[in-house]
Amino acid sequence: MSLAGFCALALLAQAPVSPPAASRAPVPAARAVPTSLSAPAHPVVPPLPGPVRENGWKPLTPEQRAALIADQAETPLSERLLGMSERFLNTPYVLSPLGEGQGVDPDPTFRLDAVDCLTFVEETLALGMAHGEPEVPALLERIRYASTPAYEDRNHLMEAQWLPNNIKKGLLVDVTRRYAKDDAVAVTKTLTAHTWQSKSSQALQLPRERQPVGTFGLTMIPLDKVLTHARDVASGTILVVLREDLPLKATRITHLGFVVQKKKRTYLRHASRGGYNRVVDEDLETFLARNARYDKWKVTGVSLFEARRPPATLAGQSAPSTGSADVGAP
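Residues numbered from 1 in each chain as written. Predicted model: local features only at pLDDT ≥ 70, side-chain atom pairs only at ≥ 80, totals over all residues. Heavy atoms only, no water.

A.B. asks: Help me understand the pairing of strand β6 (residues 265–272), please; the structure alone is not making it clear to me.
C.D. replies: Both faces of the sheet carry side chains from a regular strand, because those side chains alternate between them. Across the eight residues of β6, seven count as buried, placing the element largely inside the fold. Relative to β6, strand β5 (residues 253–262) runs antiparallel, the two being bridged by five bridges. Each bridged residue has a counterpart across the sheet, and for Phe258 the counterpart in β6 is Arg269. Counted along the chain from β5 to the antiparallel partner β6, the turn is two residues long, and its residue Lys263 has a positive phi close to 55°. With six bridges joining them, β6 and strand β7 (residues 278–283) adopt antiparallel strand pairing. Paired with Tyr267 across the strands is Asp283, a residue of β7. Linking two consecutive strands that pair antiparallel, namely β6 and β7, is a turn of five residues; a positive phi of about 130° is found at Gly274 within it. (Buried < 20%, exposed > 50% of the residue type's maximum accessible area, 1.4 Å probe, protein only. Helix = DSSP H or I, 4+ residues; strand = E, 2+ residues; numbered from the N terminus. Pairing = 2+ DSSP bridges.)

Written out as structure tokens, the structure reads:
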């Protein structure tokens, strides 16, 4: 399976991964996160890949981590996201490493030692938006769930749930057309009852009444136009990768990460499964060239989203059950 194909599983298959019981183990004590950011005691998690260089979180004590999150909390959010995401560099890729700590998906609700492409972005957003460590769990909950922190209420599908729900909450703004201008095109993802009959869709284990159906719109920069505009995209912008809309696929978004501008080149900071198997800064031109070679499920382009802080009064609150927040500050 291709690199993006694996991350498609991470997005589509936020259903729990179930390796043999003998291979599952609790998070090693040396890598445990602060208690306030931890799942319930003795979480069940998939085993980590082989050793890599440690990330920037592991050497910190709980007190140092808390101080880092609180330091310069009013810095522009894009800068905060760059700093927090940089500390995840070299973090091992583990498919679907987060869950609800119990129930259908008992994986931890937060961890700093393993990510996939989606949880890397979600945790970075929560850490960057927080004014202090106590706000992180509630912010992550607002990002990952429509309203309540339950498996069936998780934002499993990007086009139908994760993106529109976080836009409604004021946490994201679609900036694709801002950068692409006339090169931006409107595309859709359609979900039908037939979609939910496929093996990959059923793997989500969602009850019928929680299976979204309908047509969901996106703005896309076609793949052959991305590099034309790449240097103009601000660091910290979220880039999502789109493929063809196939009827039996519940998503066409198969990967995401952060744009990073450095040394007159544009990079994608992302959790990569495949040759890297960890969080890396990859030259965007190299990344796009590889994506352009996929034949079985063609990559069609990318969309861009800017993260916004929630209003200060909502930063530490759980997600609302109805309605939406005003657009927050960058």
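Read on for the rest.
A.B. asks: What is the right way to read the confidence of the model for the protein chain from this model?
C.D. replies: The predicted coordinates ought not to be read in detail in places where the model reports low pLDDT. Here the protein chain averages 85 in pLDDT, while 78% of its residues score no lower than 70. Long-range and interchain partners of residues 1–6, a stretch whose pLDDT sits below 50, account for 17 contacts in this model, where long-range means more than four residues apart. Scored below 50 in pLDDT, residues 8–46 shows 94 contacts in the model against residues more than four places distant or in partner chains. (pLDDT = per-residue confidence, 0-100. Contact = heavy atoms within 4.5 Å.)

A.B. asks: I tried to follow the packing of helix α4 (residues 117–129) against helix α5 (residues 136–144) on my own but got confused; where do I start?
C.D. replies: For any two helices packed against each other, one specifies the inter-axial angle together with the distance between the axes. Where α4 meets α5, the closest approach of the two axes is 8 Å, and the angle between their N-to-C directions is 135°. For the element pair α4 / α5, the angle class is oblique. Helix-helix and strand crossings are classified by hand; for α4 and α5 the assignment is right-handed. When α4 is examined against α5, the residues Thr119, Glu122, Glu123, Leu125, Ala126, Leu127 and Met129 are found in contact with a partner set consisting of Val136, Leu139, Leu140, Ile143 and Arg144. Across the contact of α4 with α5, the residue classes tally to eight nonpolar, one polar and three charged. (Axes fitted to C-alpha atoms, helices over the stretch in contact; angles between N-to-C directions. Parallel < 35°, antiparallel > 145°, perpendicular 65-115°, else oblique. Left-handed = near helix turned anticlockwise from the far one by under 90°. Nonpolar A, V, L, I, M, F, W, Y, C, P; charged D, E, K, R; others polar.)

A.B. asks: Would you take a moment to explain α5 for this structure?
C.D. replies: One turn of the α-helix equals 3.6 residues, which is why residues spaced by three or four share an orientation. The element α5 is largely enclosed, with a buried count of eight among its nine residues. Taken residue by residue, α5 has Val136, Ala138, Leu139, Leu140, Glu141, Arg142, Ile143 and Arg144 as its buried positions. Buried-residue contacts for α5 involve α2 (62–70), α4 and α6 (158–168).

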